[in-house]
Amino acid sequence: MARNPLTREEVLEAAASLVRAHGPAGLTMRALAADLGTAVTSIYWHVGNRESLLDALVERTVQEMGAVRPVGRTPADRILSVARILRRELRGRPHLIAMVHERGLTERMFLPAQQALVHEVHAAGLRGARAADAVRAVQFQIVGFLLVERNRERSPAQSPAEGELWDPGAAPDDPALARALSRPADPERLFLLSVRALVRSLLSPPAPHGADGPGGGS
């Protein structure tokens, strides 16, 4: 039974799957043709040469990252939802994100998420430089957390491990802390904890001028 005619979208989806599994080096026209069960010439007809294919994949990734739809009842809830969406999307396509970065399109890729954050900080009453600082602080927190998270995942096995370093004797005045630090970290919980704390601080009314400065409490 003859297969339906190959489409450009099918080629791009198969190429994206190869990059997700094997990195950009694993994307060859021959491997892509074999994965699709077609001739290499058919691939060229749909997407051009390999560089054109990579450009199309980058553009596709940028467009996919633009689908940011915040959810929640309050601006803080919706900002947290943007953070969760962005972390999930970035974690799901690291090789494709690296390709976007290499082609100098990172800022464009992040623009829809930034626009969603701007909308929410405005809804919370922030304006001007304070609103811009809040948007960037949240974005930096997301990306910075993700970089630390991926670095921990790629690091060689540690010896002694964190759990071995934090035996009860390491903190005799706080054994509950020692027990907690001896257990593996829960990245999802820590991510939500850190973003919630940051957002709460960013959206809270500013302290009266001088209240926290030298002598402000006297």
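Rules and cut-offs
Residues numbered from 1 in each chain as written. Predicted model: local features only at pLDDT ≥ 70, side-chain atom pairs only at ≥ 80, totals over all residues. Heavy atoms only, no water. Axes fitted to C-alpha atoms, helices over the stretch in contact; angles between N-to-C directions. Helix = DSSP H or I, 4+ residues; strand = E, 2+ residues; numbered from the N terminus. Left-handed = near helix turned anticlockwise from the far one by under 90°. Contact = heavy atoms within 4.5 Å. Nonpolar A, V, L, I, M, F, W, Y, C, P; charged D, E, K, R; others polar. 1 Å grid on protein atoms, 1.4 Å probe; cavity = no way out; pocket = protein on both sides within 12 Å on 5 of 7 lines; lining within 4 Å. Points joined across faces, edges and corners; volume = space filled by probe spheres on them. Parallel < 35°, antiparallel > 145°, perpendicular 65-115°, else oblique.

**Notes on the packing of helix α5 (residues 75-92) against helix α8 (residues 128-154)**
Axes are the key here: two packed helices are described by the angle between their axes and the distance separating the axes.
Step number 1: At a closest axis distance of 10 Å, the pairing of α5 and α8 adopts a crossing angle of 35°. Along this stretch, α5 crosses α8, giving a crossing that reads as right-handed. Residue-level contacts link Ile79, Ala83, Leu86, Arg87, Leu90 and Arg91 of α5 to Val138, Ile142, Phe145, Leu146, Glu149, Arg150 and Glu153 of α8.
Step number 2: Split into classes, the residues belonging to the contact of α5 with α8 amount to eight nonpolar, no polar and five charged.

**Here we look at the layout of surface pockets**
Step number 1: Taken as a whole, the largest pocket holds about 520 Å³ of empty space.
Step number 2: Surrounding the largest pocket, 19 residues form its lining, Arg152, Glu153, Glu162, Pro184 and Ala185 being those nearest its centre.
Step number 3: At the level of elements, α8, α9 (162-165), α10 (175-182) and α11 (187-203) are the ones that each hand at least two residues to the lining of the largest pocket.
Step number 4: Per-element accounting of the lining of the largest pocket gives the leading share, five residues, to α8.
Step number 5: Taken together, the residues of the lining of the largest pocket break down into 10 nonpolar, four polar and five charged.
Step number 6: By volume, the second largest pocket is sized at about 380 Å³.
Step number 7: Along its surface, the second largest pocket is lined by 14 residues, and Pro94, Ile97, Ala98, Leu146 and Leu147 are the ones closest to its centre.
Step number 8: Elements represented by at least two residues in the lining of the second largest pocket include exactly α6 (94-102), α7 (106-123) and α8.
Step number 9: Considering only residue class, the lining of the second largest pocket consists of nine nonpolar, three polar and two charged.

**Focus on the packing of α7 against α8**
Step number 1: As a packed pair, α7 and α8 sit with axes 9 Å apart at the nearest point and diverge in direction by 130°. The orientation of α7 with respect to α8, classified from their angle, is oblique. Where α7 crosses over α8, the two elements pack in a sense that is right-handed. Here α7 contributes Phe110, Gln114, Leu117, Val118, Val121 and His122 to the contact with α8, which in turn contributes Ala131, Ala134, Val135, Val138, Gln139 and Val143.
Step number 2: The residue makeup of the contact of α7 with α8, split by class, is nine nonpolar, three polar and no charged.

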